[in-house]
Amino acid sequence: TWLNSLGGEWTNDFVVGTTNAVRSELYQPLTLSQTIYAAPYVGIGTTTENIFSQGAKVAEYRVLDERAGFDVGIAFGSWGDLRVGPVYVHQRGDPSIAPPTFPVTKLDEWGLALLARVDTQDNAFFPRHGLRATFEGFSGTQRQQDVDQKFRRAELDVHQSIPFGDEDAINLGLRLAGSNRFDPI
């Protein structure tokens, strides 16, 4: 159901398990054609991250992730959208299983985020044909251990489904990611 005559929607996502999270977004079209929209959002969650050294697990961290942002976007019918906007992220990692020398880690990021999505697949779980592609980019500042650095990252995730025979399909995927930082351990 719409919140107003322009088609505003308020979505809330809840995740319970190894990862626990709550995310809320107000999707508000700005025109009657619903092609241009604004989308403020907030989220908080925790997850477990394992730390490895030379292939052996040496620690387990519980990571808190808090974020807020405000996107402005363009919807391309039912098959895709492009959104951009400021975002702030705070993360804190607490060692849950680790030697006492492992520190609490903190990271803050603020800057501009870009998200582009295309989805023409015929089924969300078992697609037989269509393309699903997501590009995410970020450019801004990252503060870690009280040191600010300019930071950029990008990620591309592509899945193509190709029909094979009457009832089967071949699903191909590609995932690429990169950033301007590399910290060897």
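Calculation criteria
- Every chain's residues receive numbers from 1 upward, in the order its sequence appears when written.
- Only residues with pLDDT of 70 or above have their local features reported here, since the model is predicted, and side-chain atom pairs are shown and tallied only from 80 upward, although totals for entire chains, interfaces and linings are computed over all residues.
- Heavy atoms from the whole structure form the basis of all side-chain values; hydrogens and water molecules are not counted.
- In this text, helices come from DSSP runs of H or I with a minimum length of four residues, and strands from runs of E with a minimum of two, each type numbered from the N-terminal end.
- The contact criterion used is simple: two residues touch if any of their non-hydrogen atoms lie within 4.5 Å.
- In the cavity and pocket records, a cavity denotes points on a 1 Å grid over the protein atoms alone where a 1.4 Å probe fits but cannot get out, a pocket denotes an open set with protein on both sides within 12 Å along at least 5 of 7 lines, and lining residues are residues with an atom within 4 Å of a point.
- Grid points are joined across faces, edges and corners, and a volume is the space filled by probe spheres set on the points.
- Here the nonpolar group is Ala, Val, Leu, Ile, Met, Phe, Trp, Tyr, Cys and Pro; Asp, Glu, Lys and Arg are the charged ones; every other residue, Gly included, is treated as polar.
- A side-chain nitrogen of Lys or Arg and a carboxyl oxygen of Asp or Glu constitute a salt bridge if their distance falls within 4 Å.
- Exposure categories follow from relative accessible area, calculated using a 1.4 Å probe and restricted to protein chains: below 20% of the type maximum is buried, above 50% is exposed, and the middle band is partly exposed.
- Here a Phe, Tyr or Trp ring, Trp counted by its six-membered ring, pairs with any other such ring whose centre lies within 6.5 Å, and the pair is stacked when the planes are under 30 degrees apart, edge-to-face when over 60, and tilted otherwise.

Colleague: Which residues make up the environment of aspartate 94, and what are the values?
Modeller: Residue position: aspartate 94 is located in strand 5 (residues 80–97). Separated by 45 residues in the primary sequence, aspartate 94 and glutamate 49 place their C-alpha atoms 10.0 Å from one another. Beyond its immediate stretch of four places on either side in the chain, aspartate 94 contacts Glu60, Tyr61, Arg62 and Val104.

Colleague: How would you explain the layout of surface pockets if you had to name every residue and give the values?
Modeller: Of the pockets and cavities examined, the second largest pocket occupies roughly 210 Å³. Taken together, 15 residues line the second largest pocket, and the ones lying closest to its centre are Ser78, Trp79, Gly80, Asp81 and Arg117. Of all elements in the fold, only strand 5, strand 6 (105–119) and strand 7 (130–144) reach the threshold of two or more residues within the lining of the second largest pocket. Considering only residue class, the lining of the second largest pocket consists of 6 nonpolar, 4 polar and 5 charged.

Colleague: Account for the pattern of salt bridges, with residues named and values stated.
Modeller: Here the structure, examined in full by the defined rule, presents 11 salt bridges. In this structure, the salt-bridge partner of arginine 67 is aspartate 65, at a minimum N-O distance of 2.8 Å. Judged by its relative accessible area of 33%, arginine 67 falls in the partly exposed class. With a shortest N-O distance of 3.1 Å, arginine 92 and aspartate 94 are connected by a salt bridge. A relative accessible area of 29% places arginine 92 in the partly exposed class. Each of Arg23, Glu25, Asp71, Asp81, Arg83 and Arg117 takes part in one network of salt bridges that share partners.

Colleague: A description of the packing of aromatic side chains should follow, citing residues and the corresponding values.
Modeller: Taken as a whole and judged by the stated rule, the model has 3 aromatic pairs. Arranged with centres 4.5 Å apart and planes meeting at 35°, the rings of tyrosine 27 and tyrosine 37 form a pair that is tilted. Remark: tyrosine 37 occurs in strand 3 (residues 36–53) and tyrosine 27 occurs in strand 2 (residues 20–29); sequence separation between them is 10 residues. A centroid spacing of 6.3 Å and a plane angle of 45° characterise the contact between phenylalanine 138 and phenylalanine 151, whose relative ring orientation is tilted. Separated by 13 residues along the polypeptide, phenylalanine 138 in strand 7 and phenylalanine 151 in strand 8 (residues 147–164) bring together distant segments of the chain. Judged by relative accessible area, phenylalanine 151 falls into the buried class, the value being 7%.

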